[in-house]
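Overview (structure and organization)
For reference, the chains in residue letters:
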Protein chains: 2
Amino acid sequence: MFLRAYNFNAGPAAIPLPVLEKAQKELVNFNNSGMSVMELSHRSKEYEDVHNRANTLLRELLLIPDSYEVLFLQGGASLQFSMIPMNFLQQDKTAHFVMTGAWSEKALKEAKRFGETRILASSKEENYTHIPQGFSLEGIEDGAYLHITSNNTIFGTQWTDYPTSPIPLIADMSSDILCKEIDIEKFSLIYAGAQKNLGPSGVTVVIAKKEFLETATDDAPTILKYSTHVDSQSLYNTPPTFSIYMLSLVLEWVKEQGGVKAIQKMNEEKAGYIYSAIEQSNKFYKAHATEDSRSLMNITFTLPNEELTKKFLTEAKERNFIGLAGHRSVGGCRASTYNAVPKEACEALAAFMKEFQENNQ
Amino acid sequence: MFLRAYNFNAGPAAIPLPVLEKAQKELVNFNNSGMSVMELSHRSKEYEDVHNRANTLLRELLLIPDSYEVLFLQGGASLQFSMIPMNFLQQDKTAHFVMTGAWSEKALKEAKRFGETRILASSKEENYTHIPQGFSLEGIEDGAYLHITSNNTIFGTQWTDYPTSPIPLIADMSSDILCKEIDIEKFSLIYAGAQKNLGPSGVTVVIAKKEFLETATDDAPTILKYSTHVDSQSLYNTPPTFSIYMLSLVLEWVKEQGGVKAIQKMNEEKAGYIYSAIEQSNKFYKAHATEDSRSLMNITFTLPNEELTKKFLTEAKERNFIGLAGHRSVGGCRASTYNAVPKEACEALAAFMKEFQENNQ
């Protein structure tokens, strides 16, 4: 036995222990093949089963209709920031953005290279403490697409009601995909790096409406066209086979937990412990995000001063809590409570927060 | 104990058993961190050590001078086919190609999108049975670069003497990097997907001369500029951390074997068994590649007819030999004898080939 860390990393992040144990067990000899899953040809029947299982499970868990493609790509959200405008933003068209943090900014920056862009709403002036509400979607009818970041890892905010967009809605769901039930049909394209809720880094999931994919330009490098990966079932070139295998195990685990609905309930409970500790602290801990925009996945909070923050982080580390330092643009602390972070870890953190407050107030 | 397959897959391919066993041992609890290596933040000290160890070991094993950068990217050779011309081929410039197989063709196709291209030599007419020799490098002085594919997985050919190019020499070494000693300084840029000699799929190694990197255009999407990855030590976005960890273990294993010189000796011996079986077969087995161009890594051969080929592959599979079917463009059989394929597997295959011949002649 070993002491498992309370892993609150922002990503790469916790992976369910049973998933790691299963991967460990079959690492050298997968399915009695005499090979590791890493050693299988990506054209073999054995690997094909893994690949298809990941696809099927994701479709099942997120209720993805047949009118959508599911792709497994490389390069993370950062490559999607360029692939999306390269495929869908013609020079005379405008891509609209709602700005909710650093990742929205990066997506916007790359889109500018390909066509016109317009900021529809932004909470930048308030250091991204909230998701903009009540902004108008009028006049965007001619736009190529509307881009949002569904959860903001750094600032700890998350969309609850997605806009009903008159143009294709695209969402970067890297840090909250599979954390709660969503209506896929509101979106034309969803993308997510795996390293928060889906598994290890190295694979990017894209869920896209077939009808929307058909509007892509054909004038792009082969590997950067979505159509290339659609036509080859994400096997145009060698995919990151082990990462996709891990993804399939994580998806199986989500199913075993009762699916996304059950995961959502657990996430609400988990985040609840920590938000309660903040609320009951009489402003010793202050949430960065406004109440209506609080993320289920990344809980950002500050302490009364730098010195206490430092002390909190040092003592937390001694008590086996990992990854609690906030991003420099917010300061303070951040607890990332992704799907794989167990309830016990969140309860333990809430208890530690109370204890620390009592000892240091 | 389990029966380990004789893995002759073309890639993803065999990984050294001690490497898999080490990865298995520490999969759930890396370095007593209470976390898997997959769960570490890519900004953590623990991961940084892994990342830097991979870099340092590769430099040490290939004698890479300080005037070169070593990068760990995503997207495989297929993304490099576009990134290279995007960065280094201006519209009024010409990229020169020596065509030695299907991968050269793909590299050429993508380069055409960005500037002028010229085929300097090709063995396509002979179904790529050999590496073109004695072609002239005259008149290419104004070219942007000269591109070669150092080893041709499908056709089983490999360069022995690289051209001394008056312009930057770029090589796709996906299927033979680290198989033999090379003079890095002949090249301005080397790239290689990991899934043959370096580890699992999902990470691409780029070795590039700093001086050459400085000639890149600044006009490309952020993630597709080499400078982005140079400036951030391959940590611009979340890297494929587990794949890089596996790479570091494979490199440690190469070092333990005695380095690249020792690996080369083993590879020559390993390939020797199989080429001997072909040569001594009195033309029952015929090598696809001409003798001067034979690959140390992929041994391609045909049998007298389709029926015997099928029978050979079926019986081989029953005898625990995996991945021996040839690519459809060559037919017949292919044994990929990458670094991690043990000598015993090659001896066993040679013995099986003799036995099969005796029983079927």
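What counts, and at which threshold
- Residues numbered from 1 in each chain as written.
- Chains lettered and ligands numbered in written order.
- Predicted model: local features only at pLDDT ≥ 70, side-chain atom pairs only at ≥ 80, totals over all residues.
- Heavy atoms only, no water.
- Helix = DSSP H or I, 4+ residues; strand = E, 2+ residues; numbered from the N terminus.
- Buried < 20%, exposed > 50% of the residue type's maximum accessible area, 1.4 Å probe, protein only.
- Contact = heavy atoms within 4.5 Å.
- Areas by Shrake-Rupley, 256 points an atom, 1.4 Å probe, with all protein chains shown as cover.
- Least-squares fit on C-alpha atoms with pLDDT ≥ 70 in both.
- Pairing = 2+ DSSP bridges.
- Axes fitted to C-alpha atoms, helices over the stretch in contact; angles between N-to-C directions.
- UniProt positions renumbered as here; feature names shortened; annotations may be inferred.
- Arc of directions from axis to C-beta.
- Domains from an automatic or database assignment.
- Buried area = accessible area lost by both parts, 1.4 Å probe.
- Salt bridge = Lys/Arg side-chain N within 4 Å of Asp/Glu carboxyl O.
- Polar contact = N/O pair within 3.5 Å; in protein donor to acceptor, adjacent residues only side chain to side chain.
- Lys, Arg positive; Asp, Glu negative; His and termini not counted.
- Phe/Tyr/Trp six-rings, centres within 6.5 Å; stacked < 30°, edge-to-face > 60°.
- Lys NZ or Arg CZ within 6 Å of the ring centre and 35° of its normal.
- Parallel < 35°, antiparallel > 145°, perpendicular 65-115°, else oblique.
- Left-handed = near helix turned anticlockwise from the far one by under 90°.
- Nonpolar A, V, L, I, M, F, W, Y, C, P; charged D, E, K, R; others polar.
- Expected span 1.5 Å × (residues − 1).
- Bend = angle between axes of the 7 residues up to and from the residue.

**Remarks on the overall build of chain A**
- If you tally the helices and strands in chain A, you get 10 helices and 14 strands.
- Summarising its shape, the C-alpha atoms of chain A cover approximately 60 × 60 × 30 Å along the three principal directions.
- The 361 residues of chain A split such that 63% are buried.
- For chain A, the share of sequence-separated contacts (at least 6 apart) that also reach a separation of at least 24 residues comes to 67%.
- Element-wise, carbon and sulfur atoms account for 47% of the exposed surface of chain A, whose accessible area totals about 14000 Å².

**Points about the relation of the copies chain A and chain B**
- When chain A is brought onto chain B, the operation consists of a screw motion whose angular component is 180° and whose axial shift is 0.0 Å, with 0.0 Å RMSD remaining. Taken together, the turn and the small shift mark the pair as related by a two-fold rotation axis. Of every C-alpha in chain A, the one belonging to Gln24 of chain A sits nearest the axis of rotation, 2.6 Å from it.
- Of the residues that chain A buries at the interface, 100% are likewise interface residues in chain B, meaning the two copies contact each other through the same surface.

**Observations regarding the sheet that holds strand E4 (residues 116-122) of chain A**
Residue and element names in this part refer to chain A.
- Spatially, E2-E10-E9-E8-E5-E3-E4 is the arrangement adopted by the 7 strands of the open sheet, whose pairing is mixed. Two strands bound the open sheet, and with one partner strand each, they are strand E2 (68-73) and E4. Each strand of the sheet is rotated relative to its neighbour by a mean of 20°, with strand direction disregarded.
- In this sheet, strand E10 (residues 204-209) lies alongside E2 in antiparallel orientation, the contact comprising 6 bridges. Of the residues in E10, the one forming a bridge with Phe72 is Val205.
- Strand contacts of helix H2 (residues 45-61): E2 and E10, with the helix running at about 135° to E2, the strand carrying the most contacts.

**Comments concerning the UniProt feature "binding site: pyridoxal 5'-phosphate" (unreviewed entry) in chain A**
Residue and element names in this part refer to chain A.
- As annotated by UniProt and renumbered to match this structure, "binding site: pyridoxal 5'-phosphate" (unreviewed entry) occupies Ala77, Ser78, Trp103, Thr153, Asp172, Gln195, Asn237 and Thr238. For the annotated residues, spread through 162 residues, the largest C-alpha to C-alpha distance comes to 30.8 Å, inconsistent with a single compact locus.
- Under the relative-accessibility criterion, Ala77 is labelled buried at 12%.
- Here Ala77 is in contact with Asp172, Ser174, Tyr191 and Thr204, once residues within four sequence places are set aside.
- In this structure, Trp103 sits in helix H4 (residues 102-111).
- When sequence neighbours within four positions are dropped, the list of residues in contact with Trp103 reads Ser78, Phe81, Thr149, Thr153, Ile154 and Asp172.

**Observations concerning the environment of Glu48 of chain B**
- Mapped onto the elements, Glu48 of chain B comes out in helix H2 (residues 45-62).
- Judged by its relative accessible area of 37%, Glu48 of chain B is partly exposed.

**Some points on helix H1 (residues 17-25) of chain B**
Residues and elements named next belong to chain B.
- Those residues of H1 lying buried are Val19, Leu20 and Ala23. Buried residues of H1, seen end-on, are gathered within an arc of 95° and therefore sit on one face of the element.
- Against helix H7 (241-256) lie the buried residues of H1.

**Some points on the domain arrangement of chain A**
Residues and elements named next belong to chain A.
- Along its sequence, chain A is organised into domain 1 (18-256) and domain 2 (258-360).
- Computed over C-alpha atoms, the centres of domain 1 and domain 2 are 27 Å apart.
- In terms of surface lost to domain 2, no three residues of domain 1 exceed Ile154, Cys179 and Glu181, which account for 22% of the buried area on that side.
- On the surface where domain 1 and domain 2 come into contact, there are 0 salt bridges.
- Across the contact surface, domain 1 and domain 2 share 19 residue pairs in polar contact (both at pLDDT 80 or more).
- For the side of domain 1 that touches domain 2, the element with the highest residue contribution is helix H7 (residues 241-256), accounting for 4 residues.

**Details of the side chain of Glu26 of chain B**
- Relative to the assigned elements, Glu26 of chain B resides in the loop between H1 and H2.
- The side chain of Glu26 of chain B is buried and forms no salt bridge, while Lys22 of chain B, the nearest opposite charge, is found at 4.6 Å.

**A closer look at the environment of Thr149 of chain A**
All names here are of chain A.
- With respect to the element layout, Thr149 can be found in strand E5 (residues 145-149).
- Here Thr149 falls in the buried class, since its relative accessible area comes to 1%.
- As for Thr149 and Val341, which are separated by 192 residues in sequence, their C-alpha atoms are 22 Å apart.
- The contact partners of Thr149, leaving out residues within four places of it in the chain, are Thr100, Trp103, Ser104, Trp159 and Asp172.

**A look at the interface of chain A and chain B**
- Residue-level contacts link 60 residues of chain A with 60 residues of chain B.
- Across the chain A to chain B interface the summed buried area is about 4600 Å²; carbon plus sulfur atoms make up 57%.
- A per-residue breakdown of the area chain A buries against chain B is headed by Val28, Met38 and Glu39 of chain A, which together make up 14% of the total.
- Our count for the contact surface shared by chain A and chain B stands at 4 salt bridges.

**As for the packing of aromatic side chains**
- A full pass over the atoms with the stated rule returns 41 aromatic pairs over all chains.
- Where Phe284 of chain B meets Phe356 of chain B, the ring centres are 6.4 Å apart and the plane angle is 50°; that geometry is what we call tilted. In this pair, Phe284 of chain B sits in the loop between helix H8 (259-279) and strand E11 (286-287) while Phe356 of chain B sits in helix H10 (residues 343-360), placing the two residues 72 residues apart along the sequence. Per residue, the accessibility class of Phe284 of chain B equals that of Phe356 of chain B, and both read buried.
- Chaining the aromatic ring pairs together yields one cluster made of Tyr6, Phe8, Phe284, Tyr285, Phe301, Phe312, Phe321, Phe352 and Phe356 of chain A.
- Arg113 of chain A extends its terminal NZ or CZ atom over the ring of Phe114 of chain A, reaching a point 6.0 Å from the ring centre.

**Side note on the packing of H2 of chain A against H7 of chain A**
All names here are of chain A.
- Two elements in contact, H2 and H7, have axes whose closest approach is 9 Å; the angle formed by their N-to-C orientations is 40°. The pairing of H2 with H7 is recorded here as oblique in orientation. Here H2 runs over H7; the crossing is left-handed. When H2 is examined against H7, the residues Tyr47, Val50, His51, Arg53, Ala54, Leu57, Leu58, Glu60 and Leu61 are found in contact with a partner set consisting of Thr241, Ile244, Tyr245, Leu247, Ser248, Leu251, Glu252, Val254 and Lys255.
- Among the residues making up the contact of H2 with H7, the classes are represented as 11 nonpolar, 3 polar and 4 charged.

**A short note on the packing of H7 of chain B against H8 of chain B**
All names here are of chain B.
- The interhelical angle for the contact between H7 and H8, taken along N-to-C directions, is 80°, at an axis separation of 7 Å. One way to sum up the angle between H7 and H8 is to call them roughly perpendicular. Listed contacts from H8 to Trp253, Val254 and Lys255 of H7 are Gly259, Val260 and Ile263.
- Of the residues in the contact of H7 with H8, the class split is 4 nonpolar, 1 polar and 1 charged.

**Structural notes on H8 of chain B**
All names here are of chain B.
- Here H8 spans 30 Å end to end across 21 residues, near enough to the 30 Å set by a 1.5 Å rise per residue.
- Of all bends in H8, the biggest is about 25°, found at Gly272.
- Three or more residues of H8 are buried, namely Gly259, Val260, Ile263, Gln264, Asn267, Lys270, Ala271, Ile274, Tyr275, Ala277 and Ile278.
- Where H8 is buried, its residues touch H2, H7, E11, strand E12 (298-302), strand E14 (333-336) and H10.

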